[in-house]
Amino acid sequence: MNFNKRNSYKKRIQQWGWNQGKKLRANIHDLNYFFWEATLKCNLNCLHCGSDCSKDNNCTELPAEKVLQVFSNIAENYSAQDVMVAVTGGEPLMRRDLFDVLNKVNQLGFSWGMVTNGMLVNENVVKKCAETGMKTVSVSLDGVRESHNWLRNEATSYDRAIGALRLFSKANKFDTVEAITCVNPVNLKQLDELYREIKNLGINSWRILTIFPKGRAVSSKALSLKADEFKELFSFIKEKRQQDSKLHINYSEEGYLGCDWEKEVRDDFYYCGAGINIAGLLWDGAYSACPSLSRNWIQGSINDSLFSDVWETKYANMRNRDWMKKEHCKGCHVWSNCQGSSLHLWDWDENKPQICHYRLLSINIE
Ligand code: SF4
Ligand code: SF4
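These lines cover the structure that appears in this document, whether it is placed above or below. All values derive from a computational prediction rather than experimental measurement.

1. Quick word on the overall build of the chain
Step number 1: Of regular secondary structure, the chain possesses 12 helices and 12 strands.
Step number 2: C-alpha atoms of the chain, sized along the principal axes, occupy 60 × 50 × 35 Å.
Step number 3: Within the chain, the proportion of its 366 residues that are buried is 53%.
Step number 4: Across the chain, every contact between residues at least 6 apart in sequence was considered, and the portion connecting residues at least 24 apart equals 69%.
Step number 5: Accessible area for the chain stands at about 17,100 Å²; split by element, carbon and sulfur atoms hold 47% of it.

2. Description of the site of ligand 2
Step number 1: Contacts to ligand 2 come from His-328, Cys-329, Cys-332, Val-334, Trp-335, Cys-338, Gly-340, Ser-341, Pro-353, Cys-356 and Tyr-358.
Step number 2: Taken together, the residues that form the shell around ligand 2 break down as 8 nonpolar, 3 polar and no charged.

3. What to know about the sheet that holds strand 4 (residues 134–140)
Step number 1: In spatial order, the strands read 7-6-5-4-3-2-1-8-9-10; together these 10 strands make up an open sheet with mixed pairing. Where the open sheet ends on each side, the last strands, each with one partner, are strand 7 (248–251) and strand 10 (300–301).
Step number 2: In the sheet, strand 5 (residues 176–183) pairs with strand 6 (residues 205–210) via 6 bridges, with the strands oriented parallel. Across the sheet, Thr-181 pairs through a bridge with Ile-208, a residue of strand 6.

4. Topic: the packing of aromatic side chains
Step number 1: What the rule picks out here adds up to 22 aromatic pairs.
Step number 2: Geometrically, the ring pair formed by Trp-36 and Phe-71 is edge-to-face, given 6.4 Å between the ring centres and 85° between the ring planes. A residue pair is termed long-range when its members are at least 10 positions apart, and Trp-36 in strand 1 (residues 33–37) and Phe-71 in helix 2 (residues 64–77) qualify at 35 residues.
Step number 3: Residue Trp-36 is classed as buried on the basis of its relative accessible area, which comes to 1%.
Step number 4: In this structure Phe-71 comes out as buried when scored by relative accessible area, which is 0%.
Step number 5: Geometrically, the ring pair formed by Phe-234 and Trp-261 is tilted, given 5.6 Å between the ring centres and 50° between the ring planes. Pair noted here: Phe-234 is in helix 8 (residues 227–243) and Trp-261 is in the loop between strand 7 and strand 8 (278–281), with a separation of 27 residues, a long-range link.
Step number 6: What makes Phe-234 buried here is its relative accessible area of 0%.

5. Re the environment of Ala-227
Step number 1: Here Ala-227 is to be found in helix 8.
Step number 2: For the pair Ala-227 and Lys-23, spaced 204 residues apart in the sequence, the C-alpha separation amounts to 30 Å.

6. Focus: the side chain of His-357
Step number 1: Within the secondary structure, His-357 sits in helix 12 (residues 357–361).
Step number 2: In this view, His-357 contacts Phe-230, Tyr-251, Glu-254, Gly-255, Tyr-256, Leu-257 and Leu-345; residues no more than four positions away in its chain are not counted.

7. Examining empty space enclosed by the protein
Step number 1: Counted under the stated rule, the structure contains 1 cavity of 30 Å³ or more.
Step number 2: Size it by volume and the largest cavity reaches roughly 30 Å³.
Step number 3: Residue composition of the lining of the largest cavity, by class: 4 nonpolar, 1 polar and 2 charged.

8. Observations concerning the packing of helix 5 (residues 145–152) against helix 6 (residues 157–171)
Angle between the axes and distance between the axes: these two values describe a pair of packed helices.
Step number 1: Axis separation between helix 5 and helix 6 bottoms out at 8 Å; the angle between their running directions is 110°. The angle between the axes of helix 5 and helix 6 places the two elements in the roughly perpendicular class. On helix 6, the residues touching Arg-145, His-148, Asn-149 and Arg-152 of helix 5 are Ser-157, Tyr-158, Asp-159 and Ala-161.

9. Digging into the nonpolar core
Step number 1: Of all hydrophobic cores here, the largest spans 95 residues; its most connected members are Phe-34, Trp-36, Phe-168, Trp-206, Leu-233, Phe-234 and Phe-307.
Step number 2: In this structure, Phe-234 is in contact with Tyr-251, Leu-257, Trp-261, Val-265 and Leu-361, ignoring residues within four places of it in sequence.
Step number 3: With 6 residues, the next largest nonpolar core counts Leu-151, Ile-180, Leu-209 and Ile-211 among its residues.

10. Notes on the environment of Asp-244
Step number 1: Mapped onto the secondary structure, Asp-244 falls in the loop between helix 8 and strand 7.
Step number 2: Residue classification places Asp-244 among the buried residues on the basis of a relative accessible area of 8%.
Step number 3: Measuring from C-alpha to C-alpha, the distance between Asp-244 and Ile-74 comes to 39 Å, with 170 residues separating the pair along the chain.
Step number 4: Leaving out residues up to four positions away in the same chain, Asp-244 has contacts with Tyr-195 and Lys-199.

11. Regarding the pairing of strand 3 (residues 111–116)
Step number 1: Examined bridge by bridge, strand 2 (residues 84–88) and strand 3 share 4 bridges and lie parallel to one another. Looking across to strand 3, one finds that Val-85 is bridged to Trp-112.
Step number 2: This β-α-β element, strand 3 to helix 4 (residues 123–131) to strand 4, shows right-handed connectivity.

12. Re helix 6
Note on helix geometry: an α-helix contains 3.6 residues per turn, so any two residues three or four positions apart are oriented the same way.
Step number 1: Here helix 6 is 15 residues long and its end C-alpha atoms lie 21 Å apart, about the 21 Å a rise of 1.5 Å per residue gives.
Step number 2: Immediately downstream of helix 6, the backbone of Asn-172 shows phi near 55°, a positive value.

13. Here's the deal with the packing of helix 4 against helix 6
Step number 1: Remark: helix 4 packs on helix 6, axes separated minimally by 10 Å, with the N-to-C direction vectors making an angle of 45°. Compared by their axis directions, helix 4 and helix 6 come out oblique. In terms of crossing hand, the pair formed by helix 4 and helix 6 is right-handed. Residues Glu-123, Val-126 and Cys-129 of helix 4 form the contact with helix 6, whose own contacting residues are Leu-167, Phe-168, Lys-170 and Ala-171.
Step number 2: Considering only residue class, the contact of helix 4 with helix 6 consists of 5 nonpolar, no polar and 2 charged.

The rules behind these values
- Residues numbered from 1 in each chain as written.
- Chains lettered and ligands numbered in written order.
- Predicted model: local features only at pLDDT ≥ 70, side-chain atom pairs only at ≥ 80, totals over all residues.
- Heavy atoms only, no water.
- Helix = DSSP H or I, 4+ residues; strand = E, 2+ residues; numbered from the N terminus.
- Buried < 20%, exposed > 50% of the residue type's maximum accessible area, 1.4 Å probe, protein only.
- Contact = heavy atoms within 4.5 Å.
- Areas by Shrake-Rupley, 256 points an atom, 1.4 Å probe, with all protein chains shown as cover.
- Near = heavy atom within 4 Å.
- Nonpolar A, V, L, I, M, F, W, Y, C, P; charged D, E, K, R; others polar.
- Pairing = 2+ DSSP bridges.
- Phe/Tyr/Trp six-rings, centres within 6.5 Å; stacked < 30°, edge-to-face > 60°.
- 1 Å grid on protein atoms, 1.4 Å probe; cavity = no way out; pocket = protein on both sides within 12 Å on 5 of 7 lines; lining within 4 Å.
- Points joined across faces, edges and corners; volume = space filled by probe spheres on them.
- Axes fitted to C-alpha atoms, helices over the stretch in contact; angles between N-to-C directions.
- Parallel < 35°, antiparallel > 145°, perpendicular 65-115°, else oblique.
- Core = buried A, V, L, I, M, F, W, Y, C linked by side-chain atoms within 4.5 Å.
- Right-handed = clockwise from strand over helix to strand, strands pointing away.
- Expected span 1.5 Å × (residues − 1).
- Left-handed = near helix turned anticlockwise from the far one by under 90°.

Read these as spatial facts, not as claims about activity.
Below, the structure is given as structure tokens:
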């Protein structure tokens, strides 16, 4: 048996074991990741933004005491040390009391990380992040100067993002300092150049995403990759992962990709843990999982229930996904590997995933 055949056989067995683990995880639904959508305010107006964020500074935010009620409830019912808090927005740093809240969240025992566009990052912000227990930080970097500024719709945004990554890296206080790149047909051609720039920053992680049709990206279909472009991207990631052990390069958990790419472009097999081990508090007090999910997935609200009650009694449509076996997914031979793809890609109007990566990559099928 040659290497490729042996590797593919080995992966199929590993995938089977992974799928057994997924069933167990769905039954146990151990909370270990919690998104907090701190605000919808944002200081940019990106072409591809998947959030409903707004430059409107009057946009309502959940008051700090309500946010902290939720974190106290989680700490009382689960182990705060085992739950990573991911702070998102909007732009989290637009929230004035952000560090006051996160300081208390940290005192309850949680570790936290943040995704930022870097526009407001300076030495003082980095210091506050360290003092309030931030462990990981992800800064959006969507290409080399020209393509980043175009996508982010702001001429200074590239320099601000690079400056933020440098400051976080220089502080030497955080476990992970990460650049996040949304790949589109324009910056796909600049990935080698971007890779060299990222290496110069001395950061330790690079997360690569592709744009999915949500928020403003719905009207920017030209930003989505085609089948041959996905393959070009995955070949790039696979090669760099093999060559470079110092920079952790990972494709996001975005759809099942098939045996050729699974575990080659990311560390593990595809897995969508929304509602299984991932929950979230949205800007208005709604309980959901990832902020990238549409509001159809909301399971409850701080206004009428405790988070722990909702976590224990709701989230059924995320934990058992058999109801998603419709259209192509019905009878799909890799259903147990994919289970209808990432929940953020589910189209509630059409009752099917907005994109099937597996079919797209198996180009002969299309
Ligand atoms: S819904 Fe999307 S972002 Fe959330 S866990 Fe699933 S794949 Fe990841
Ligand atoms: S048809 Fe559905 S279950 Fe099968 S790979 Fe595509 S999205 Fe996944």
